[in-house]
Amino acid sequence: MGGKSSEELKEIIRHEAMRLGFSHCGVARNDTLEELRPFYSDFIGRKGHAGLKYLETYFEKRLHPELVLEGTKSVIALMMNYFPQETIPEEDNFIISRYAYGNDYHVVMKNRMKELINFMKSAFGDLQVKAFADSGVVAEKAWAQRCGVGWQGKNTLIINKSAGSFYFIGIIYTDLELEPDTSETDHCGTCHNCVTACPTGALDTPYQLNIGRCISYLTIENREEIPGEIKNKFNNRIYGCDICQDVCPFNRLASPHSVAEFIPSESWRHLRKKDWLTLPEQDFNRIFRDSAIKRIGYQILKRNMP
Ligand code: SF4
Ligand code: SF4
């Protein structure tokens, strides 16, 4: 490492992460997340994870990064802004969550993190290093908070004090010894905006998402029929939900991203309700070829429509 201190190594990585388009980069020491075991156990015990089986399957791996990458010493959390310049009009339309406006973020994040890893290997030599974007094997939010890039708010999302929550999170495990940042603390205070705004009661217990009632889960992960009593509350949302972010005071600080891949494609940004309702399957496959929306498939998108 050329005699560089752990602080210097971290700053070199942070600088390169910013150059690659990440907005925030923090570091934590791999002290394991063992203290979260009772919370996760209770959550799974009462089936709070609904159909998200990976929370159960990867229980131990989520608490212990070294079970995923042997010798992990440091965890790096990266954030990438996806807040759009313009919101697609909601009048006479179905609503798509902002995070799905552009190309599939899994691919975009992985490509950028791969570049960061290549940089780290060329700068620091032979390292053990592994990147994750929205991976069930990593407790991303817990690490993001420990890395100091935000705290997990009452809406259970990671919120950055000066930039809000419209961010994708990427996590890197490495055997490189890096100087840790200070873990972030909770700044929700007496605010309850997200809890009262959630139309389905999914945040009735603040800080604990009732996954089975969350529109985001129900429209994207869930493969079953959606009970009419909940679906009536979607208010035209057919892919994801941003309500608990829209009402968060910290998102008044959101500024538009500058990631070309996240700009919505001309091929669908002008669709309105009647176009969605009559969209042929072959057009869906073509239009959303590079989008996260294609992951749910045509039939599930149709199911989500009123
Ligand atoms: S995403 Fe929507 S449904 Fe889910 S917790 Fe937030 S406001 Fe509620
Ligand atoms: S809306 Fe208020 S309570 Fe909810 S996450 Fe934001 S600051 Fe916290």
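J.: For this particular structure, what's the right way to read the overall build of the protein chain?
T.: Within the protein chain one finds 14 helices and 8 strands. Relative to the 2.2 N^0.38 estimate, which gives 19 Å for 306 residues, the radius of gyration of the protein chain is 20 Å and therefore close to what a compact globule would have. Taken along the three principal axes of its C-alpha coordinates, the protein chain extends 65 × 40 × 35 Å. For the protein chain, long-range pairs separated by at least 24 residues make up 78% of all intrachain contacts whose partners lie at least 6 apart in sequence.

J.: Hey, could you run me through the site of ligand 1 in this one?
T.: Taken together, Asn155, Cys198, Thr200, Ala202, Leu203, Leu209, Cys214, Ile215, Ser216, Cys241, Ile243 and Cys244 form the complete shell of residues around ligand 1. Those elements that place two or more of their residues in the shell around ligand 1 are helix 8 (215–220) and helix 10 (243–246).

J.: Explain the pairing of strand 7 (residues 167–174) to me, please; I cannot follow it from the model alone.
T.: On a regular strand, each side chain points to the face opposite its neighbour's, so the side chains alternate between the two faces of the sheet. By the criterion of burial, strand 7 is predominantly enclosed, with 8 of the 8 residues buried. Here strand 7 shows two buried faces, one formed by Tyr167, Ile169, Ile171 and Tyr173 and the other by Phe168, Gly170, Ile172 and Thr174. Relative to strand 7, strand 2 (residues 74–81) runs antiparallel, the two sharing 8 bridges. Considered in strand 7, the bridge of isoleucine 76 is made with isoleucine 172. One ladder, built from 5 bridges, connects strand 4 (residues 129–133) with strand 7; its direction is antiparallel. Its bridge partner lying in strand 7, lysine 130 is registered against tyrosine 173.

J.: Where do I start with the site of ligand 2 in this structure?
T.: Ligand 2 sits among 13 residues. The nearest are Gly153, Cys188, Cys191, Cys194 and Cys248. The class makeup of the residues in the shell around ligand 2 is 8 nonpolar, 4 polar and 1 charged. Two domains each donate at least three residues to the shell around ligand 2, and these are domain 1 (6–88 + 97–174) and domain 2 (193–253 + 272–304).

J.: Please explain the packing of helix 1 (residues 6–19) against helix 5 (residues 105–124) as it appears in this structure.
T.: Two packed helices can be described by the angle between their axes and the distance between those axes. Running from N to C, helix 1 and helix 5 point in directions that differ by 145°, and their axes come no closer than 10 Å. Crossing angle aside, the handedness with which helix 1 passes helix 5 is right-handed. Residues Leu9, Ile12, Ile13, Glu16 and Ala17 of helix 1 touch helix 5, and the partners they reach there are Leu116, Phe119, Met120, Ala123 and Phe124. For the contact of helix 1 with helix 5, a count of residues per class yields 9 nonpolar, no polar and 1 charged.

J.: What should I look at first to understand the environment of tyrosine 58 in this one?
T.: By the element assignment, tyrosine 58 lies in the loop between helix 3 (54–57) and helix 4 (59–63). The class for tyrosine 58 is partly exposed, based on 17 C-beta atoms found within 10 Å. Considering only alpha carbons, one finds tyrosine 58 and valine 68, 10 residues apart in sequence, at a separation of 10.0 Å.

J.: What am I meant to see in the domain arrangement of the protein chain here?
T.: Much of the literature gives interface size as the accessible area that the parts lose upon coming together. Split into domains, the protein chain comes out as domain 1 (6–88 + 97–174) and domain 2 (193–253 + 272–304). Contacts between the two partners involve 26 residues from domain 1 and, on the opposite side, 27 residues from domain 2. In terms of residue class, the side of domain 1 that touches domain 2 is built from 9 nonpolar, 13 polar and 4 charged.

J.: Would you explain the environment of lysine 161 in this entry?
T.: Tracing the chain through its elements places lysine 161 in the loop between strand 6 (158–159) and strand 7. Overall, the presence of 13 C-beta atoms within 10 Å leaves lysine 161 in the partly exposed class. In the structure, lysine 161 is positioned 25 residues away from aspartate 186 in sequence and 9.5 Å away in space, judged by C-alpha atoms. For lysine 161, the contacting residues outside a window of four places in its chain are His187 and Phe250.

J.: Help me understand the nonpolar core in this model?
T.: Within soluble globular proteins, side chains that are nonpolar generally end up buried alongside one another. Core analysis: the biggest nonpolar cluster contains 78 residues, and Ile76, Ala77, Leu78, Tyr82, Trp143 and Cys147 have the highest contact counts within it. If you count residues domain by domain, this core takes at least three from each of domain 1 (6–88 + 97–174) and domain 2 (193–253 + 272–304). The contact partners of isoleucine 76, leaving out residues within four places of it in the chain, are Ile13, Cys25, Val27, Cys147, Ile172 and Thr174.

J.: Explain the pairing of strand 1 (residues 24–29) to me, please; I cannot follow it from the model alone.
T.: For strand 1, the buried fraction is high: 5 of the 6 residues fall into the buried class. Where strand 1 lies against strand 2, 6 bridges are found, and the strand directions are antiparallel. Across the sheet, cysteine 25 pairs through a bridge with leucine 78, a residue of strand 2.

J.: Before we go on, may I ask you to explain the sheet that holds strand 1 in this structure?
T.: Backbone-to-backbone hydrogen bonds join strands into a sheet, with any given pair of strands oriented parallel or antiparallel. With antiparallel pairing, 4 strands are arranged side by side in an open sheet as 1-2-7-4. Among the strands making up the open sheet, the edge pair consists of strand 1 and strand 4. Here the average twist between neighbouring strands, direction ignored, is 20°. With respect to the sheet, helix 5 is in contact with strand 2, strand 4 and strand 7, its orientation differing from that of strand 4 by roughly 160°.

J.: Would you mind going over helix 5 with me for this structure?
T.: At 3.6 residues per turn, the α-helix brings residues three or four places apart onto the same side. In a regular helix each residue adds 1.5 Å, so 20 residues correspond to 28 Å; helix 5 covers 28 Å between its end C-alpha atoms and thus fits that length. Within helix 5, burial applies to Tyr105, Val108, Met109, Arg112, Met113, Leu116 and Met120. For helix 5, the angular spread of buried residues about the axis comes to 115°, placing them on one side. Residues of helix 5 that are exposed and point over 90 degrees away from its buried face: Lys114, Asn118, Lys121 and Ser122. Close packing links the buried residues of helix 5 with helix 1, strand 2, strand 4 and strand 7. Phi for glycine 125, located one or two positions after helix 5, is positive at around 90°.

Conventions we followed
- Here, residues in each chain are numbered from 1, in the same order as that chain's written sequence.
- Each chain is given a letter, starting from A, and each ligand a number, starting from 1, according to the order in which they appear as written.
- Given that the model is predicted, a residue must reach a pLDDT of at least 70 before its local features are reported, and side-chain atom pairs must reach 80 or more before they are shown or counted; all residues, however, enter totals for whole chains, interfaces and linings.
- Each helix is a run of DSSP H or I of at least 4 residues and each strand a run of E of at least 2, with the numbering of both proceeding from the N terminus.
- The size measure is the radius of gyration over C-alpha atoms, and the globule rule it meets is 2.2 Å times the number of residues to the 0.38 power.
- Contact between two residues is assigned whenever their backbone-derived C-beta positions fall within 7 Å.
- Whether a residue is near a molecule or strand depends on its C-beta atom, placed from the backbone, lying within 6 Å of it.
- Put simply, a residue is buried when 20 or more other C-beta atoms lie within 10 Å of its own C-beta and exposed when 12 or fewer do; between those, it is partly exposed, and each C-beta is set from the backbone.
- Strand pairing is assigned whenever DSSP detects at least two bridges linking the two strands.
- Under the grouping applied here, Gly and all other residues not named as nonpolar or charged are polar, the nonpolar ones being Ala, Val, Leu, Ile, Met, Phe, Trp, Tyr, Cys and Pro and the charged ones Asp, Glu, Lys and Arg.
- Domain start and stop points were drawn from an automatic or database domain assignment.
- Orientation is described by axes fitted as lines to C-alpha atoms, over the contacting stretch for helices, and by angles from 0 to 180 degrees between their N-to-C directions.
- Should the near helix be turned anticlockwise from the far one by less than a right angle, the crossing is termed left-handed; should it be turned clockwise, right-handed.
- For the purposes of this analysis, a nonpolar core is taken to be any set of buried Ala, Val, Leu, Ile, Met, Phe, Trp, Tyr and Cys residues that are connected through C-beta atoms within 7 Å.
- The span expected for a helix works out to 1.5 Å for each residue beyond the first.
- Arc definition: directions from the helix axis to the C-beta atoms.

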